[in-house]
Amino acid sequence: MAKKIIITIDGTSSTGKSTLAKRIAKKLGYLYIDSGAMYRALTYYAISNNIISKGFINKEVLINDLSKLEIDFRKGSLSECLEIHLDGLSVENKIRSLKVSDLVSQLAAIDEVRTHMVKIQHSLGQNKGVVMDGRDIGTVVFPKAELKFFLEASAETRAKRRFDELKIIDKEISYEEVFKNINLRDFQDINRSNSPLKKASDAVLINTENLSLVELENEISNHISLVLSNSL
Ligand code: DC
């Protein structure tokens, strides 16, 4: 049987990480883990319980609740991928709103939140056979991963992609708000002191600007085949 590896895909938002990671995981029969969904689920919880709002965050309550909350991935009804669950309930279709996007990076900068999430991410990757996407997966979570990718694209292209996805669930949304959110999150994710978004020195850098999904998948698959054949 082929040796299982860990594949990390990091990059700014809407570079195509999750679509790609899902396809790669399916092809290899690996687990796909969307680490951003964990931070989004916690943000959704914090908004629902008045722990966070624009310009306000009750860190003490958040950190206290964190240890009691069950955040995990389970089979759900929306797709064949694992869905993020909060205390046993799927929140997969609640976490992509602009409201969550606007507050998630603020919460993801908190040390205790990161320590907690990284612990869960480590346990999900302990048997390998995982494709995990996020911001710090190749640098902090799995620095020894066998294969790392870092995706990039211009803010305009990413905002357009995100806007096209979001307008299906929110008819009121505008391109400008999405563009603003993407830039704000980039700034917060890149400039936070704990585990900032950056390319791991050994990650393969891919600009997804002018690549179709098939071209991107082919490029990634070539790297995977090489690593898998070298590790036999
Ligand atoms: O991948 P995403 O856009 O759904 O992630 C939402 C936010 O979560 C992102 O803006 C920053 C944070 N995040 C993080 O800090 N570390 C990760 N590994 C994944 C996401």
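What comes next is a walk through the structure. (Residues numbered from 1 in each chain as written. Predicted model: local features only at pLDDT ≥ 70, side-chain atom pairs only at ≥ 80, totals over all residues. Heavy atoms only, no water.)

1. Side note on the site of the ligand
Part 1 of the reasoning: Taken together, 17 residues are adjacent to the ligand, and R40, R114, D136, D189 and R192 come closest.
Part 2 of the reasoning: S35 has a polar side-chain atom sitting 3.0 Å from a nitrogen atom of the ligand.
Part 3 of the reasoning: Here S105 contributes a side-chain N or O atom positioned 3.1 Å from an oxygen atom of the ligand.
Part 4 of the reasoning: With 4 residues, helix α2 (residues 35-48) is the single largest residue contributor to the shell around the ligand.
Part 5 of the reasoning: For the shell around the ligand, a count of residues per class yields 4 nonpolar, 5 polar and 8 charged. (Near = heavy atom within 4 Å. Polar contact = N/O pair within 3.5 Å; in protein donor to acceptor, adjacent residues only side chain to side chain. Helix = DSSP H or I, 4+ residues; strand = E, 2+ residues; numbered from the N terminus. Nonpolar A, V, L, I, M, F, W, Y, C, P; charged D, E, K, R; others polar.)

2. Details of the sheet that holds strand β6 (residues 82-86)
Strand-to-strand pairing in sheets goes through backbone hydrogen bonds, with the strands running parallel or antiparallel.
Part 1 of the reasoning: Sheet architecture is open: 3 strands sit in the order β5-β6-β7, paired in antiparallel fashion. With partners counted over all chains shown, the strands left at the sheet margins are β5 (71-75) and β7 (89-90), one partner each.
Part 2 of the reasoning: As paired strands, β5 and β6 are joined by 5 bridges and run antiparallel to one another. If you follow D72 over to β6, its bridge partner there is H85.
Part 3 of the reasoning: Docked against the sheet, α2 engages β5 and β6, running at close to 30° with respect to β6. (Pairing = 2+ DSSP bridges. Contact = heavy atoms within 4.5 Å. Axes fitted to C-alpha atoms, helices over the stretch in contact; angles between N-to-C directions.)

3. Quick notes on the sheet that holds strand β10 (residues 204-207)
Part 1 of the reasoning: With parallel pairing, 5 strands are arranged side by side in an open sheet as β2-β8-β1-β9-β10. Whereas interior strands pair on both sides, the edge strands pair on one side only; in this sheet they are β2 (31-34) and β10. Put simply, the sheet's adjacent strands are angled 20° from each other on average, direction ignored.
Part 2 of the reasoning: Bridge count for strand β1 (residues 6-11) against strand β8 (residues 130-134) is 5 bridges, and the pairing is parallel. When the sheet's bridge partners are listed, I9 is paired in β8 with D133.
Part 3 of the reasoning: The strands that helix α5 (residues 111-125) touches are β1, β2 and β8; relative to β8, the one it contacts most, it runs at about 155°.

4. A short note on unusual backbone geometry
Part 1 of the reasoning: Non-glycine residue D87 carries a positive phi angle of around 45°.
Part 2 of the reasoning: Mapped onto the elements of the fold, D87 is located in the loop between β6 and β7.
Part 3 of the reasoning: Looking at D87, the relative accessible area reads 46%, which means it is partly exposed.
Part 4 of the reasoning: Phi is positive for K128, close to 60°, though the residue is something other than glycine.
Part 5 of the reasoning: Along the chain, the position of K128 falls in the loop between α5 and β8.
Part 6 of the reasoning: Of the residues examined, K128 reaches a relative accessible area of 33% and is grouped as partly exposed. (Buried < 20%, exposed > 50% of the residue type's maximum accessible area, 1.4 Å probe, protein only.)

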